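If you want the building blocks of each chain, they are given just below.
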Amino acid sequence: MPDVKNERIKTCNRPSWNEYFIKLAWLVAERSTCLRHHVGAIIVKDKRILTTGYNGAAVGLHSCIHFGCLRNALNIPSGQRHEICRAIHAEQNAIIQGGYHGISTKGATLYCTHSPCVLCAKMIVNAAIKKVVADVEYPDNSFKELFSAAGVKFLILRINNFSINRLL
């Protein structure tokens, strides 16, 4: 009699935990209201999702979908002049959700579609998040020195042939 259990394992293309959570971050990013980049973030601890966040305007306020993108209108390149944007970044929203709902992020891992800007990196350090895994490298690399000094591990994990519609 053939070993059915072993046959199933051989044919199953099951993602690693890192791949699984990065793919979920891309799904969260589909809620983004940003016209330039759809970014999603998930904070995970012990293989359990604590919070999610995507980039978009503050609760109850109109987004760029309604007003248009001021950064595009002013021709501001990616990775610069973050304060011009109406959106709260995905990483910020995920951290804020933890605070809002009383969920500790201490020792957690943040999975994000894009690597963080330096402003998000500061919040990640203060939220005691110990590891960040991203799919796409954002043009602003200033977070790397901060992460190194604070002991936050950083990993780029490219997800190839993934079918969620991405706006990079």
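The paragraphs below set out a description of the structure included in this document.

1. Description of the overall build of the protein
From N to C terminus, the protein includes seven helices and five strands. Ordering the α and β elements of the protein from the N terminus gives α-α-β-β-α-α-α-β-α-β-α-β. Out of the 168 residues belonging to the protein, those deemed buried represent 40%. Here the contacts in the protein between residues at least 6 apart in sequence split such that 58% fall between residues at least 24 apart. Summed over all atoms, the accessible surface of the protein reaches about 10000 Å², with 53% contributed by carbon and sulfur.

2. A short note on the environment of Val44
Position of Val44 among the secondary structure elements: in strand E1 (residues 40–45). On the basis of relative accessible area, Val44 is assigned to the buried category, the value being 5%. Once the C-alpha coordinates of Val44 and Thr105 are considered, the two residues, 61 residues apart in sequence, prove to be 8.2 Å apart. Discounting residues that sit within four places of it in the chain, Val44 has contacts with Phe21, Ile49, Leu50, Ala108, Thr109 and Tyr111.

3. Examining the side chain of Thr51
Counting through the fold element by element, Thr51 comes out in strand E2 (residues 48–54). Thr51 sits in the buried class, given a relative accessible area of 5%. At a separation of 2.9 Å, a polar atom in the side chain of Thr51 contacts the main-chain carbonyl oxygen of Ala94.

4. Points about helix H5 (residues 90–100)
When we look at burial in H5, the residues that qualify are Ala90, Glu91, Gln92, Asn93, Ala94, Ile95 and Gly98. Those residues of H5 hidden inside the fold are in contact with E1, E2, strand E3 (109–114) and helix H6 (118–126).

5. Details of the pairing of E3
Of all six residues that make up E3, six are buried, and the element is covered over most of its length. One ladder, built from four bridges, connects E1 with E3; its direction is antiparallel. From the neighbouring strand, Ala41 faces E3, where its bridge partner is Cys112. Two strands pair when backbone bridges link them, and E3 and strand E4 (residues 131–136) are joined in this way by five bridges, in the parallel orientation. Bridging from a neighbouring strand, Thr109 pairs with Lys131 of E4. With H6 bridging E3 and the parallel E4, this β-α-β connection has right-handed handedness.

6. Points about the packing of aromatic side chains
Describing an aromatic ring pair means giving the distance of the ring centres and the angle of the ring planes. Tallying each qualifying case throughout the model produces seven aromatic pairs. Aromatic pair Trp17 and Tyr20: ring centres 5.7 Å apart, planes at 85°, arrangement edge-to-face. Highlighted residues: Trp17 and Tyr20, both in helix H2 (residues 17–29), separated by three residues, approximately one helical turn. On the accessibility criterion, Tyr20 (36% relative accessible area) is partly exposed. Centroid distance Phe143 to Phe154: 4.8 Å. Interplanar angle 70°. Geometry classified as edge-to-face. Placement of the pair is Phe143 in helix H7 (residues 143–150) and Phe154 in strand E5 (residues 153–156), with a sequence separation of 11 residues. Taking relative accessible area as the criterion, Phe143 reaches 0% and is therefore assigned buried. Taking the relative accessible area as the measure of exposure, Phe154 reaches 26% and is therefore partly exposed. Cluster of aromatic residues (ring-pair linked, three or more members): Trp17, Tyr20, Phe21 and Tyr111.

7. Concerning H2
End to end, H2 covers 18 Å across 13 residues, agreeing with the expected 18 Å (1.5 Å per residue, within 8%). For H2, the complete set of buried residues consists of Phe21, Ile22, Ala25, Trp26, Val28 and Ala29. Buried positions in H2, seen along its axis, are confined to an arc of 160° and lie on one side of it.

Cut-offs used in this document
Residues numbered from 1 in each chain as written. Predicted model: local features only at pLDDT ≥ 70, side-chain atom pairs only at ≥ 80, totals over all residues. Heavy atoms only, no water. Helix = DSSP H or I, 4+ residues; strand = E, 2+ residues; numbered from the N terminus. Buried < 20%, exposed > 50% of the residue type's maximum accessible area, 1.4 Å probe, protein only. Contact = heavy atoms within 4.5 Å. Areas by Shrake-Rupley, 256 points an atom, 1.4 Å probe, with all protein chains shown as cover. Polar contact = N/O pair within 3.5 Å; in protein donor to acceptor, adjacent residues only side chain to side chain. Pairing = 2+ DSSP bridges. Right-handed = clockwise from strand over helix to strand, strands pointing away. Phe/Tyr/Trp six-rings, centres within 6.5 Å; stacked < 30°, edge-to-face > 60°. Expected span 1.5 Å × (residues − 1). Arc of directions from axis to C-beta.

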